[in-house]
Amino acid sequence: MRHCFSVKIGPVGFRVGSDWRAPIDQLADLYAQYPQPDDGVADFTVRLFAARPWRRFVRPAVMIGGDFVLPDAAPLPLAQGLLAAEMGMNLQMALGQRRYLLLHASAVERDGRALLMTGVSGAGKSTLAALLSLRGWRLMGDEFALLDPDTGLVHAFPRLVSLKNAAIDVVERAAAGRRFGPLLAGTPKGDIRHLVPDTAAVAVMTVPAIPALLLFPSFGFEPARREISHSEAFVRLTQASTNYVSLGERGFTGLTGLVKAVPALAIDYPDTDSAITQVEAAWAQLGEAL
């Protein structure tokens, strides 16, 4: 590829190649504080390319490829090249990761223990992770939580935090002085802007945490909370994993160990202030029980 960028995020290294310089320049800027892959060898490769040579110049359209692909994926305009790169990294993890059990969840850590938040699109897990990271929690990731089936530990994957639509203004107001990527308007998921994780989170991204609480948030409802049974948590998490089936027995063993060892709660909330209050209260009660 004409332009390339390599980065290590948590335990995973990526090499992103592009027919265009702009997406690579944006990645290099926003991931400037991240290290290179170990020994310069990436675990996954992402390609941003034009389906036809002339589409590099005339109405440029970015196709997403790499080690693993979705053949029917639609291209994105060059103005959304950063999003294409992020989607490409997600794709490689979702289809190719075999070392860790992937949970489509955000994760934050405090005192060596991790809070995992997962739910349907729009539940607010990325927003809550971003806001908690501004309140003294360590951001471990907003897209995937990496569970090691052999140790039961959660490993960090602190990519850029993808904020969508109304969440952008909420986090921008709370994160004065923090770095954001460009506003990507009119994407297939609406408006998107990325929050850059703070230096401290990146510096310790190789340090795993003990999972301590599973949270299933739902936005748009009056405040409520209920405990989730082991069986319900297990089913929900199999639905939230992109490689549970691929890992076979290791995936089953890892997920079973997680849901048996870690309490699970569902919370409803009408706004982020209510959600943060409920999260902090649940975490405080968890500490009292230890």
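Remember, it's a predicted structure, so these values are computed and weren't measured experimentally. (Residues numbered from 1 in each chain as written. Predicted model: local features only at pLDDT ≥ 70, side-chain atom pairs only at ≥ 80, totals over all residues. Heavy atoms only, no water.)

We now examine helix 3 (residues 125-133). With nine of nine residues buried, helix 3 is to be regarded as a mostly interior element. Within the span of helix 3, buried status applies to K125, S126, T127, L128, A129, A130, L131, L132 and S133. (Buried < 20%, exposed > 50% of the residue type's maximum accessible area, 1.4 Å probe, protein only. Helix = DSSP H or I, 4+ residues; strand = E, 2+ residues; numbered from the N terminus.)

Here we take up unusual backbone geometry. One non-glycine residue, D39, lies in the positive phi region at around 60 degrees. Inspection of the secondary structure puts D39 in the loop between helix 1 (21-30) and strand 3 (44-49). Unusually for a residue other than glycine, R59 sits at a positive phi of about 45 degrees. When its relative accessible area of 59% is taken as the criterion, R59 is described as exposed.

Here V259 is to be found in helix 8 (residues 249-261). Put simply, V259 and A233 are 26 residues apart on the chain and 6.4 Å apart in space, counted from C-alpha to C-alpha. When near neighbours in sequence (up to four residues on either side) are disregarded, V259 contacts L214, H230, A233, F234 and L237. (Contact = heavy atoms within 4.5 Å.)

What follows deals with the packing of helix 1 against helix 2 (residues 81-96). Two elements in contact, helix 1 and helix 2, have axes separated by 8 Å at closest approach and are oriented at 70 degrees. When the axes of helix 1 and helix 2 are compared, the pair comes out roughly perpendicular. From helix 1, P23, Q26, L27 and L30 reach across to helix 2, where they touch G81, L82, A85, E86 and M89. Classifying every residue of the contact of helix 1 with helix 2 by side-chain character gives six nonpolar, two polar and one charged. (Axes fitted to C-alpha atoms, helices over the stretch in contact; angles between N-to-C directions. Parallel < 35°, antiparallel > 145°, perpendicular 65-115°, else oblique. Nonpolar A, V, L, I, M, F, W, Y, C, P; charged D, E, K, R; others polar.)

With that settled, the discussion passes to the layout of surface pockets. Of the pockets and cavities examined, the largest pocket occupies roughly 1000 Å³. Lining the largest pocket are 41 residues, with S121, E143, S162, K164 and K189 positioned closest to its centre. Among the secondary structure elements, those contributing two or more residues to the lining of the largest pocket are helix 2, helix 3, strand 12 (161-164), helix 4 (166-174) and strand 14 (190-195). With six residues, the single largest contributor to the lining of the largest pocket is helix 2. Considering only residue class, the lining of the largest pocket consists of 20 nonpolar, 13 polar and eight charged. Its volume calculated, the second largest pocket comes out at about 200 Å³. (1 Å grid on protein atoms, 1.4 Å probe; cavity = no way out; pocket = protein on both sides within 12 Å on 5 of 7 lines; lining within 4 Å. Points joined across faces, edges and corners; volume = space filled by probe spheres on them.)

Once that is clear, we can look at helix 1. Burial in helix 1 covers these residues: P23, I24, L27 and L30. Down the axis of helix 1, the buried set is contained in an arc of 140 degrees. They therefore lie on one face. (Arc of directions from axis to C-beta.)

Here we take up the pattern of salt bridges. Per the stated rule, a full pass over the model turns up twelve salt bridges. The partner of D38 in a salt bridge is K8, with the nearest N and O atoms 3.0 Å apart. Taken together, the residues span a long stretch of sequence, with D38 in the loop between helix 1 and strand 3 and K8 in strand 1 (residues 3-9) at a distance of 30 residues. Overall, the relative accessible area of 49% leaves D38 in the partly exposed class. Overall, the relative accessible area of 13% leaves K8 in the buried class. By sharing partners, the salt bridges in this structure join R99, D148, D150 and R250 into a single network. (Salt bridge = Lys/Arg side-chain N within 4 Å of Asp/Glu carboxyl O.)

Don't take any of this as a statement about function, it's just geometry.
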